[in-house]
Amino acid sequence: MAGERVNRQLVLRRRPRGMLTTEDVELVEGPVPECGDGQVLVRQVYLQMDAAVRSWLDEGHGYLPAVEIGEPVRSGGMGRVIESRHPDIPVGAWCAAGLPGWQDHVAVDGDSPIVNHFPADWDALFQLAVISSPAATAYFGLTDVGELSAGDSVLISAAGGSTGAVAVQVARNLGASVVGIAGTDEKCRWVESLGAEACVNRRTEDLAARLRELRPQGFDVYFDSVGGEVLDIALRRLAPGARVVIVGAISMYNASGRPPGPSNYLNLINTQAKMVGFQGLSYVDRYPEAWDLMWRWKAEGKMEYKADVARGFESCVDQLNSLFTGANTGKALVQLIDDPGPGPY
Ligand SMILES: NC(=O)c1ccc[n+]([C@@H]2O[C@H](COP(=O)([O-])OP(=O)(O)OC[C@H]3O[C@@H](n4cnc5c(N)ncnc54)[C@H](OP(=O)(O)O)[C@@H]3O)[C@@H](O)[C@H]2O)c1
């Protein structure tokens, strides 16, 4: 890596319509940013592919401003500190530099609350696949918003994806019985291996009939990442007093125009259920609570993960789209380079 003086960036060329295409982005090269006082220079090893990445490319009223044309596509990432001008962050440490985007290098303030650094021998893949965002989303979504209790019956959509797979294990570890929904038999078997009592293939099975058969009394908690038709079917299968946690609506992120409303929402009245939106960022002060629990569960063999890793900038578009086609299992990542290890660089 010594002498590597170029910063490659995959920037937004035009706003996508529907799924991102290779024509919507452009690979450009620029200078490696300078590492200023109090800063660290991070050489990114992994880029995180999250569903939110697609939503940040649209103009609109999201919770973050849209990525501008010419800016690197915004995403999380994780890399090695290759230069440090911060007293407490050593060269060689792993660093998740907030939302550095699709680029090789980023210089960031070491004291920024969204810059997290970890020891050089940290389990970076567990950090990315479980801790980064799924931990807080699954844990607080299920416990705070979903008011989960031991013995509850829980339904989880996109259960073979990164957030869903963590949610399955959180629910199981807290004593709930879990049914998952996923898009392939292979993912369903993996979800069952994580502790779901059953997992329904939404593409090949009659979802409504299978959910009725599996839980005739309905579900106490529905943790929903997908919206659309799956949400509508789940709304028919609520137990009295159920809690529906709206974590995301991935079936709608590439749609143009207004999505259709769920037609079965009147069942919320029949069951006196509630449906509540969840936003992980509002739990930032409590993140360590969820993180500590996930590391403890990992040590106890009660938190597994899969990292779905593709290689190089050229795979970014397909890897992001895999979240929408359902081709990913577990956490979708792009690895830019072999991990250079703790240095020297
Ligand atoms: N609110 C928050 O704070 C927060 C934080 C993190 C993530 N999220 C949300 O959580 C959701 C999952 O995100 P992720 O990054 O963890 O992705 P992911 O679950 O790893 O991947 C997305 C999965 O969604 C399923 N899916 C895609 N299109 C679908 C459709 N049309 N109908 C039904 N299922 C579909 C696919 O699984 P199958 O094909 O196997 O069904 C796909 O694998 C997203 O909605 C995201 O916005 C919210």
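Residues numbered from 1 in each chain as written. Predicted model: local features only at pLDDT ≥ 70, side-chain atom pairs only at ≥ 80, totals over all residues. Heavy atoms only, no water.

Student: Explain the site of the ligand to me, please; I cannot follow it from the model alone.
Tutor: In the neighbourhood of the ligand, 29 residues make up the surrounding shell, with Thr163, Gly183, Arg202, Gly280 and Asn328 lying closest. Measuring from an oxygen atom of the ligand, one finds a side-chain N or O atom of Tyr253 at 2.8 Å. Gln279 is positioned such that a nitrogen or oxygen atom in its side chain is 3.5 Å from an oxygen atom of the ligand. Contact with the protein chains removes 89% of the 920 Å² of surface that the ligand exposes when unbound. Of all the secondary-structure elements, those providing two or more residues to the shell around the ligand are α4 (162–173) and α10 (316–325). Residue composition of the shell around the ligand, by class: eleven nonpolar, 14 polar and four charged. (Near = heavy atom within 4 Å. Polar contact = N/O pair within 3.5 Å; in protein donor to acceptor, adjacent residues only side chain to side chain. Areas by Shrake-Rupley, 256 points an atom, 1.4 Å probe, with all protein chains shown as cover. Helix = DSSP H or I, 4+ residues; strand = E, 2+ residues; numbered from the N terminus. Nonpolar A, V, L, I, M, F, W, Y, C, P; charged D, E, K, R; others polar.)

Student: Looking at this structure, I do not really get a nonpolar patch on the surface. What am I missing?
Tutor: The grouping of Tyr265, Leu266 and Ile269 at the surface amounts to a nonpolar patch, some 340 Å² of accessible area in total. With respect to the element layout, Ile269 can be found in helix α8 (residues 267–271). (Patch = residues over 30% accessible without salt bridge, like charges linked within 9 Å, V, L, I, M, F, W, Y side chains within 5 Å. Salt bridge = Lys/Arg side-chain N within 4 Å of Asp/Glu carboxyl O.)

Student: Please explain the side chain of Gln169 as it appears in this structure.
Tutor: Mapped onto the secondary structure, Gln169 falls in helix α4. Given the relative accessible area of 0%, Gln169 is considered buried. Apart from residues no more than four positions distant in its own chain, Gln169 is found in contact with Leu194, Lys302, Met303 and Glu304. (Buried < 20%, exposed > 50% of the residue type's maximum accessible area, 1.4 Å probe, protein only. Contact = heavy atoms within 4.5 Å.)

Student: When you look at the sheet that holds strand β10 (residues 198–201) in this model, what are you seeing that I'm missing?
Tutor: Sheet strands line up and pair through hydrogen bonds in the backbone, either parallel or antiparallel. What the six strands build is an open sheet, ordered β10-β9-β8-β11-β12-β13; its pairing is parallel. Strands with a single pairing partner mark the edges of an open sheet, and in this sheet they are β10 and β13 (274–277). Between one strand axis and the next, the sheet turns through 15° on average, direction left out of account. Bridge count between strand β8 (residues 153–156) and strand β9 (residues 177–182): four bridges; the pairing is parallel. If you follow Ile156 over to β9, its bridge partner there is Gly180. Against the sheet, helix α5 (residues 185–193) touches β9 and β10, its axis set at about 165° to β10. (Pairing = 2+ DSSP bridges. Axes fitted to C-alpha atoms, helices over the stretch in contact; angles between N-to-C directions.)

Student: Explanation requested: the state of the cysteines in the structure shown.
Tutor: Joining two cysteines, a disulfide is a covalent bond between their sulfur atoms. Under the criterion given, the structure shown has zero disulfides. Of all cysteine sulfurs in the structure, the one in Cys199 sits closest to Cys188, which takes part in no disulfide; the separation is 3.0 Å. Look at Cys199 and you get buried, because its relative accessible area is 2%. (Disulfide = S-S within 2.5 Å.)

Student: Which parts of the structure should I look at to understand the pattern of salt bridges?
Tutor: Under the definition given, this model contains 19 salt bridges. In this structure, the salt-bridge partner of Asp37 is Arg85, at a minimum N-O distance of 2.7 Å. A residue pair is termed long-range when its members are at least 10 positions apart, and Asp37 in the loop between β2 (25–31) and β3 (39–48) and Arg85 in the loop between β4 (77–84) and β5 (94–97) qualify at 48 residues. Here Arg85 falls in the partly exposed class, since its relative accessible area comes to 42%. Of the charged contacts in the structure, one is a salt bridge between Asp58 and Arg54, with a shortest N-O distance of 3.0 Å. A single salt-bridge network, built from bridges that share partners, covers Arg8, Arg43 and Asp104.

Student: Can you help me understand the packing of helix α2 (residues 124–131) against helix α9 (residues 287–299) in this one?
Tutor: Helix packing geometry: the angle between the two helix axes and the distance between the axes. Running from amino to carboxyl end, α2 crosses α9 at an angle of 125°, the nearest separation of the two axes being 11 Å. When the axes of α2 and α9 are compared, the pair comes out oblique. In terms of crossing hand, the pair formed by α2 and α9 is right-handed. Contacts from Phe126, Gln127, Val130 and Ile131 in α2 reach Trp291, Met294, Trp295 and Lys298 in α9. Split by residue class, the contact of α2 with α9 holds six nonpolar, one polar and one charged. (Parallel < 35°, antiparallel > 145°, perpendicular 65-115°, else oblique. Left-handed = near helix turned anticlockwise from the far one by under 90°.)

Student: Where do I start with α5 in this structure?
Tutor: The α-helix winds at 3.6 residues per turn, so residues separated by three or four positions along the chain end up facing the same way. Along α5, the residues that are buried comprise Lys187, Cys188, Trp190 and Val191. Summarising the axial view, the buried residues of α5 lie within an arc of 160°, below the 170-degree limit, and thus occupy one face. In α5, those exposed residues whose orientation departs by more than 90 degrees from the buried face are Glu186 and Ser193. Contacts from the buried residues of α5 go to α4, β9 and β10. Where α5 terminates, the next one or two residues include Gly195, which has phi positive at roughly 120°. (Arc of directions from axis to C-beta.)

Student: Explanation requested: the nonpolar core in the structure shown.
Tutor: Note on soluble globular proteins: their nonpolar side chains tend to be buried together. Among the nonpolar cores identified, the biggest contains 41 residues, and Ile156, Val170 and Met294 are the most heavily contacted of them. Every element with two or more residues in this core is listed here: α2, α3 (134–145), β8, α4, β9, α5, β11 (219–224) and α9. No other element matches the seven residues that α3 contributes to this core. In contact with Met294, not counting residues within four places along its chain, are Phe126, Val130, Ile131, Ala135, Tyr139, Val166, Val170 and Met303. In terms of nonpolar packing, the next biggest core, distinct from the first, is built from 22 residues, Leu47, Val53, Leu320 and Leu323 among them. (Core = buried A, V, L, I, M, F, W, Y, C linked by side-chain atoms within 4.5 Å.)

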